[in-house]
Amino acid sequence: MTIDSATATGTDVSTIDLDEFIAGIPKCELHVHLEGTLEPDLKLELAARNGIVLKEKTVAEVEATYGFDSLASFLAVYYPAMHVLVTADDFRDLAFAYLTKAASDGVRHVEMFFDPQAHTGRGVPFATVISGYRRAIVDAHAQLGISAELIMCFLRDLSAEFAMATLMESLPYRDWIIGVGLDSDERDNPPNKFAAVFARARREGYQLTCHCDIDQVGSIENIRQALEDIGVDRIDHGTNIVESPQLVQDAKRRGIGFTCCPVSNSFVTSDMKATEIVTLLRDDVKVTVNSDDPAYFGAYIAGNFAALAGRASLGPEDVARLARNAFEIAWLTPRARAAYLEELDTYLARYGL
Ligand code: ADE
Ligand code: ZN
């Protein structure tokens, strides 16, 4: 069934073309690392622009380095690739390229992670990074009508002192950053290592989120710390929570959102975790679908919806629920949230949903 032939009542959802429905549904992306949107062709272009000599000379050669099967082996490819990002224009072009793709994928609002320490640690000033990213956000809003915010992530495998110094460095740009998160290698780096950093970020008015990656040593304890000790507003990934009915109840009661990334899961754990995501969805936990590091995992947000829907035999109502969850847990103003939800409802009404 196409949009034109849908009727507002009595629609047989089994006739809906799910790919077309997924392509068109207004989306909100809450888990994408800007540095993970660096496509091989842009990497080669930025290297040439900055006089950096890479071993790889073609897109195929860059892609041939993408041999990862765990979080650690992914990160070992991800961090060195970022060295081609040097000037504010580079950061602007990276983020604008992502926002252009996202807009064409039906994304209406996005909250994007960035890793300042991966740049300041190699001598690129914080101001260079954030001014480039900010320019992309302003340009994309004006040219593409997409809204975007930045979430500053701390690298959990580095020290809490470096994270605190980075938090302090961010304060002059407070209005350009909506929240803080925690990413990188989780092993032996639990949320509580950064308790003082999160507490200070909260006092400064930032929203809080935290990666609890899939199937980590101590996943459940790290989820517990994020929820109970740190008091996060969202959890990134975090589907291991299904192992603890008590934590699930707590997350439900507090309306905590989970930013799931099915295709990424299938790379770092060889399992999309579709069963866990759908179990939580059916239990009315606010799970969402996102792309994580789309240039590396080969799927932007629509591709992630399609992959999950295919694996778990989801129908349009499930897809609609996942899309709605994201607008509901996004760090939007009440007015912006209402406007996006109305856009979503208008779209769904065209399908009789
Ligand atoms: N940095 C970029 N992608 C990440 C992920 N999936 N987990 C932890 N850190 C990351
Ligand atoms: Zn992530």
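Source: prediction; values computed, not measured.

**Details of the nonpolar core**
Piece 1. Residues Met112, Phe114 and Tyr296 are the most contacted members of the largest nonpolar core, which totals 115 residues.
Piece 2. Residues within four places of Tyr296 in sequence aside, it is in contact with Glu35, Gly36, Leu38, Tyr66, Phe68, Phe74, Val77, Tyr78 and Ala81.
Piece 3. Residues Phe113, Ile151, Cys153 and Trp331 belong to the second largest nonpolar core, which totals five residues.

**Brief notes about the environment of Thr166**
Piece 1. Within the secondary structure layout, Thr166 lies in helix 8 (residues 160-170).
Piece 2. Residues in contact with Thr166, not counting those within four places in the same chain, are Pro116, Gln117, Phe126, Met152 and Phe154.

**Quick look at the site of ligand 1**
Piece 1. Within the structure, ligand 1 sits among His33, Leu71, Phe74, Leu75, Tyr78, Asp183, Ser184, His211, Asp213, His237, Asp292 and Asp293.
Piece 2. Contact distances for ligand 1 include 2.8 Å between a nitrogen atom and a backbone N or O atom of Ser184.
Piece 3. Asp292 has a polar side-chain atom sitting 2.8 Å from a nitrogen atom of ligand 1.
Piece 4. Because more than half of its atoms lie within 2 Å of the grid, ligand 1 is assigned to the largest cavity.
Piece 5. For the shell around ligand 1, the leading source of residues is helix 4 (residues 71-81), giving four residues.
Piece 6. Each residue belonging to the shell around ligand 1 can be placed in one class, and the counts come to four nonpolar, four polar and four charged.

**Remarks on the coordination of the zinc ion (ligand 2)**
Piece 1. Within the protein, His31 (NE2), His33 (NE2), His211 (NE2) and Asp292 (OD) serve as the donor atoms for the zinc ion (ligand 2), at 2.0 to 2.3 Å.
Piece 2. For the zinc ion (ligand 2), the four donor atoms in the first shell make angles of 83 to 176° at the metal, a pattern classed as irregular.
Piece 3. Read in sequence order, the donor residues coordinating the zinc ion (ligand 2) give the pattern H-x1-H-x177-H-x80-D. A residue pair is termed long-range when its members are at least 10 positions apart, and His31 in the loop between strand 1 (27-29) and helix 2 (40-49) and His211 in strand 6 (residues 211-212) qualify at 180 residues.
Piece 4. Given a relative accessible area of 0%, His31 falls into the buried group.

**Observations regarding the sheet that holds strand 2 (residues 107-114)**
Within a sheet, each strand pairs with its neighbour through backbone hydrogen bonds, oriented either parallel or antiparallel.
Piece 1. Across the sheet, five strands lie side by side as 1-2-3-4-5; this open sheet has parallel pairing. Each of the sheet's edge strands pairs with one partner strand only, and the pair in question is strand 1 and strand 5 (207-208).
Piece 2. In terms of strand pairing, strand 1 meets strand 2 through three bridges, oriented parallel. Across the sheet, Cys28 pairs through a bridge with His109, a residue of strand 2.
Piece 3. On the sheet, helix 5 (residues 88-104) packs against strand 1, strand 2 and strand 3 (147-155) and is oriented at approximately 145° with respect to strand 2.
Piece 4. Each of strand 1 and strand 2 is contacted by helix 15 (residues 301-312), which is oriented at about 105° to strand 1, the strand it contacts most.

**Some words on the packing of helix 2 against helix 5**
Piece 1. Between helix 2 and helix 5, the shortest axis-to-axis distance is 11 Å and the interhelical angle comes to 165°. When the interaxial angle is binned, helix 2 and helix 5 end up roughly antiparallel. Crossing of helix 2 against helix 5: the hand is right-handed. Where helix 2 approaches helix 5, its residues Leu42, Leu46 and Arg49 are matched on the opposing element by Asp89, Asp90, Asp93 and Leu94.
Piece 2. For the contact of helix 2 with helix 5, the class distribution of residues is three nonpolar, no polar and four charged.

**What about unusual backbone geometry?**
Piece 1. Its identity as a non-glycine residue notwithstanding, Ser184 has a phi of 80°, on the positive side.
Piece 2. The phi dihedral of Asp215 is positive, around 55°, even though this residue is not glycine.
Piece 3. With respect to the element layout, Asp215 can be found in the loop between strand 6 and helix 10 (219-230).
Piece 4. Residue class for Asp215 comes out partly exposed when judged on its relative accessible area of 42%.

Thresholds, definitions, all that
Residue numbers here run from 1 along each chain, matching the order of that chain's written sequence. Written order determines the labels here, with chains lettered from A and ligands numbered from 1. Given that this is a predicted model, residues contribute local features only at a pLDDT of at least 70 and side-chain atom pairs are listed and counted only at 80 or more, while totals for whole chains, interfaces and linings are drawn from all residues. To get the side-chain values, all heavy atoms of the structure are used, and hydrogens and water are removed first. In this text, buried Ala, Val, Leu, Ile, Met, Phe, Trp, Tyr and Cys residues form a nonpolar core when linked through side-chain atoms within 4.5 Å. Three labels apply to residues, based on accessible area from a 1.4 Å probe with only protein chains included: buried if under 20% of the type maximum, exposed if over 50%, partly exposed otherwise in between. Only heavy atoms matter for contacts: two residues are in contact if any of them lie within 4.5 Å across the pair. Put simply, DSSP H or I for four residues or longer makes a helix, DSSP E for two residues or longer makes a strand, and each gets a number counted from the N terminus. Being near a molecule or strand, for a residue, comes down to having at least one heavy atom within 4 Å of it. Polar contact is the term for a pair of N or O atoms within 3.5 Å; when the atoms are in protein, one must be able to donate a hydrogen and the other to accept it, and sequence-neighboring residues count only if both atoms are side-chain atoms. As defined here, a cavity is a set of points on a 1 Å grid over the protein atoms alone where a 1.4 Å probe fits but cannot get out. A pocket is an open set with protein on both sides within 12 Å along at least five of seven lines, and residues line them when an atom is within 4 Å of a point. Pocket or cavity membership: a molecule qualifies when more than half of its atoms sit within 2 Å of the grid points of that site. Note on residue categories: nonpolar means Ala, Val, Leu, Ile, Met, Phe, Trp, Tyr, Cys or Pro, charged means Asp, Glu, Lys or Arg, and polar means any other residue, Gly included. Listed donors are limited to N, O and S atoms within 2.8 Å of the metal, widened to 3.2 Å for Na, K and Ca; water is not among them, so incomplete-looking sites are possible. A four-donor site is classed as tetrahedral when every donor-metal-donor angle falls between 85 and 135 degrees; four donors are called square planar, and six octahedral, when trans pairs exceed 155 degrees and all remaining angles lie between 65 and 115, with any other arrangement labelled irregular. When DSSP finds two or more bridges between a pair of strands, those strands are recorded as paired. For helices, the fitted line uses only the C-alpha atoms of the stretch in contact; every axis is such a line through C-alpha atoms, and the angle between N-to-C directions lies from 0 to 180 degrees. Angle categories: roughly parallel below 35 degrees, roughly antiparallel above 145, roughly perpendicular from 65 to 115, and oblique for all the rest. Each crossing gets its handedness from the near helix: less than a right angle anticlockwise from the far helix is left-handed, clockwise is right-handed.

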